[in-house]
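# Commentary on secondary and tertiary structure
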Amino acid sequence: MSYPKIIIDEKKFKNNVKVAIDMCKKHNIEVLAVTKGFCGNQRMAELYYEAGIRYFGDSRLENFAIFNKFKDVKKQLLRIPMISEIPEVVKICDSSLNGDIQVIEKISEYCLKNNLKPHEIVLMIDLGDRREGVLPEEALSTAKKIYELKGVKLIGLGCNFGCYGARVPSDESMKLFVNIQHKIEDELKIKLTHMSGGNSLSLHLVWENRMPKEINFLRMGFAMIFGTEDMYRKTIKGMYRDAFSCEAEIIEIDYKSSLPVGECGIDAFGHKPYFEDIGNIKRIICAIGKLDTMFDAMIPYDKDLKILGGSSDHLIINANDSKIKYKCGDILKFDLDWGSLLYLFNSKYVEKEFKK
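- Looking at an unreviewed UniProt entry, one finds the protein named Alanine racemase and attributed to Metamycoplasma orale.
- In its Cofactor (unreviewed entry) section, UniProt records this for the protein: "pyridoxal 5'-phosphate".

Next up, the structure:
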């Protein structure tokens, strides 16, 4: 058995996906699975598909190869395309999220030049999170420009919350979003068929019956992965919080001062650390580091353990309060959050174990 490793409980994960699909289906909303956190893992794509997902979204073109075995799925590029990757985008993806008319014009030019069918565009609207997208007052004029282009087709609008500015969706923001939809449809005499009302942070609006009926897509990753919604960070009814976990092996246990000795400079990552003097402590070192994971998104199963920090290859833990007598070679188990899951899947040094 190889450590460190991330363990995926297939039954629990597929259950989470099915619960999300059923919840959204009752409101005529399609779930588009955000798979970027799994860094092109083939088995994860299969699990989503087996659970009923038919719309997939990723931010890296390299990852879309995992969907090639499925003939009845739709693929959406979630990050605004780089102009340099447009040839691959239109070849691989059915649609893409876009927020800059210059990029959309380049997509149109490429499709026309190569006699390709129009590429489908979901225009992103910035409703306050200040990541990608046009401002609400620019949406109609931008939509008009897209509509006039022959090499692309405007199929809908999208919005995003939480990822940069930590803004949460509100009734007011969603009302503004659908009002923009209606203005565009009335002005251009078209029907927008892909209204993407955000990510997992928007899910609470669904079960609270506050999501506008015009919304028919949600881009979802976090909620299905962790069985938790972003608004209240509570476990969603019928879902599992622990479908993913991490295990790492203990390589050293010793008693040392909580304070390093000598003049303080900067650490290996360019930061000047602060240490609290709490006397001698029992310290555990695990064979996993910042190369593999994000320490502040790792939660020990043993609640009496406290992560102190570490370096590229070492995770250092305060075990003073633990009632368990650990020894070298023992395995510690951790709950995960988004940051740690993303790093763990991206690390070639971390084994991925799928539990049937």
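## Examining the packing of helix 5 (residues 136-148) against helix 6 (residues 171-188)
- One can describe the packing of helix 5 onto helix 6 by two numbers: an axis separation of 10 Å at closest approach and a directional angle of 35 degrees. The element helix 5 and its partner helix 6 pack so that their crossing is right-handed. Residues P136, A139, L140, A143, K144 and Y147 of helix 5 pack against L176, I180, K183, I184, E187 and L188 of helix 6.
- For the contact of helix 5 with helix 6, the per-class residue count stands at 9 nonpolar, no polar and 3 charged.

## Observations regarding helix 6
- The terminal C-alpha atoms of helix 6 lie 26 Å apart, and with 18 residues this matches the ideal 26 Å at 1.5 Å per residue to within 8%.
- Taken together, the buried positions of helix 6 are occupied by S173, M174, F177, V178, I180, Q181, I184, E185 and L188. Taken around the axis of helix 6, the buried residues stretch over an arc of 145 degrees, which confines them to a single face. Facing away from the buried side of helix 6 by over 90 degrees, the exposed positions are E172, K175, K183 and D186.
- Here the buried face of helix 6 lies against helix 5, strand 7 (152-158), strand 8 (194-196) and helix 7 (203-207).
- At the exit of helix 6 stands K189, carrying a positive phi of roughly 55 degrees.

## Comments concerning the nonpolar core
- Among the nonpolar cores identified, the biggest contains 94 residues, and Y48 and F244 are the most heavily contacted of them.
- Looking at this core, the element that brings in the most residues is helix 1 (residues 10-25), giving 7 residues.

## Focus on empty space enclosed by the protein
- For the structure shown, the criterion picks out 1 cavity of 30 Å³ or more.
- Volume-wise, the largest cavity comes out at about 40 Å³.
- Around the largest cavity, the lining residues are I125, D126, L127, D129, R130, R131, E132 and N160.
- Of the residues in the lining of the largest cavity, the class split is 2 nonpolar, 1 polar and 5 charged.

## Observations regarding the pattern of salt bridges
- Applying the stated criterion to the full structure yields 22 salt bridges.
- A salt bridge links R43 to E10; the nearest nitrogen and oxygen atoms lie 2.9 Å apart. Linking R43 in helix 2 (residues 42-51) with E10 in helix 1, this pair joins segments that are 33 residues apart in sequence.
- Here R210 and D171 are joined by a salt bridge, their closest N and O atoms 3.0 Å apart. With R210 in the loop between helix 7 and strand 9 (217-220) and D171 in helix 6, the pair connects residues that are 39 residues apart, well separated along the chain.
- In this structure R210 comes out as partly exposed when scored by relative accessible area, which is 33%.

## Describing helix 5
- Along helix 5, the residues classified as buried are A139, T142, A143 and I146.
- Next to the buried residues of helix 5 lie helix 4 (101-113), strand 6 (119-124), strand 7 and helix 6.

## A closer look at the environment of C246
- Positionally, C246 belongs in strand 10 (residues 244-257).
- For the pair C246 and I7, spaced 239 residues apart in sequence, the C-alpha separation works out to 6.0 Å.
- Once you skip the residues sitting within four places of it in the chain, C246 turns out to touch K5, I6, I288, M298, L332, K333, F334, L336 and L344.

## Things to note about the pairing of strand 15 (residues 331-336)
- Where strand 10 lies against strand 15, 5 bridges are found, and the strand directions are antiparallel. For E249, the partnering residue across the bridge sits in strand 15 and is I331.
- Inspection of the sheet shows strand 12 (residues 298-300) paired to strand 15 by 3 bridges, in the antiparallel sense. Residue M298 lies in a different strand from strand 15, and its bridge partner there is L336.

## Considering the side chain of E132
- Along the chain, E132 falls in the loop between strand 6 and helix 5.
- Within polar-contact distance, the side chain of E132 engages the side chain of R131 at 2.8 Å.
- The contact partners of E132, leaving out residues within four places of it in the chain, are L78, I80, M124, D126 and N160.

## What to know about a nonpolar patch on the surface
- A cluster of nonpolar residues, V168, W207, M231 and Y232, forms a patch on the protein surface that exposes about 350 Å² of accessible area.
- Of note, Y232 is situated in the loop between helix 8 (222-226) and strand 10.

## Observations regarding the packing of aromatic side chains
- In this structure the tally under the stated criterion is 14 aromatic pairs.
- Ring plane angle 80 degrees and centroid distance 5.0 Å describe the contact between F13 and Y48, whose orientation is recorded as edge-to-face. Separated by 35 residues along the polypeptide, F13 in helix 1 and Y48 in helix 2 bring together distant segments of the chain.
- When its relative accessible area of 0% is taken as the criterion, Y48 is described as buried.
- Where Y48 meets F56, the ring centres are 6.3 Å apart and the plane angle is 80 degrees; that geometry is what we call edge-to-face. We note that Y48, like F56, is buried.

How each quantity is defined
Residues numbered from 1 in each chain as written. Predicted model: local features only at pLDDT ≥ 70, side-chain atom pairs only at ≥ 80, totals over all residues. Heavy atoms only, no water. UniProt positions renumbered as here; feature names shortened; annotations may be inferred. Axes fitted to C-alpha atoms, helices over the stretch in contact; angles between N-to-C directions. Helix = DSSP H or I, 4+ residues; strand = E, 2+ residues; numbered from the N terminus. Left-handed = near helix turned anticlockwise from the far one by under 90°. Contact = heavy atoms within 4.5 Å. Nonpolar A, V, L, I, M, F, W, Y, C, P; charged D, E, K, R; others polar. Expected span 1.5 Å × (residues − 1). Buried < 20%, exposed > 50% of the residue type's maximum accessible area, 1.4 Å probe, protein only. Arc of directions from axis to C-beta. Core = buried A, V, L, I, M, F, W, Y, C linked by side-chain atoms within 4.5 Å. 1 Å grid on protein atoms, 1.4 Å probe; cavity = no way out; pocket = protein on both sides within 12 Å on 5 of 7 lines; lining within 4 Å. Points joined across faces, edges and corners; volume = space filled by probe spheres on them. Salt bridge = Lys/Arg side-chain N within 4 Å of Asp/Glu carboxyl O. Pairing = 2+ DSSP bridges. Polar contact = N/O pair within 3.5 Å; in protein donor to acceptor, adjacent residues only side chain to side chain. Patch = residues over 30% accessible without salt bridge, like charges linked within 9 Å, V, L, I, M, F, W, Y side chains within 5 Å. Areas by Shrake-Rupley, 256 points an atom, 1.4 Å probe, with all protein chains shown as cover. Phe/Tyr/Trp six-rings, centres within 6.5 Å; stacked < 30°, edge-to-face > 60°.

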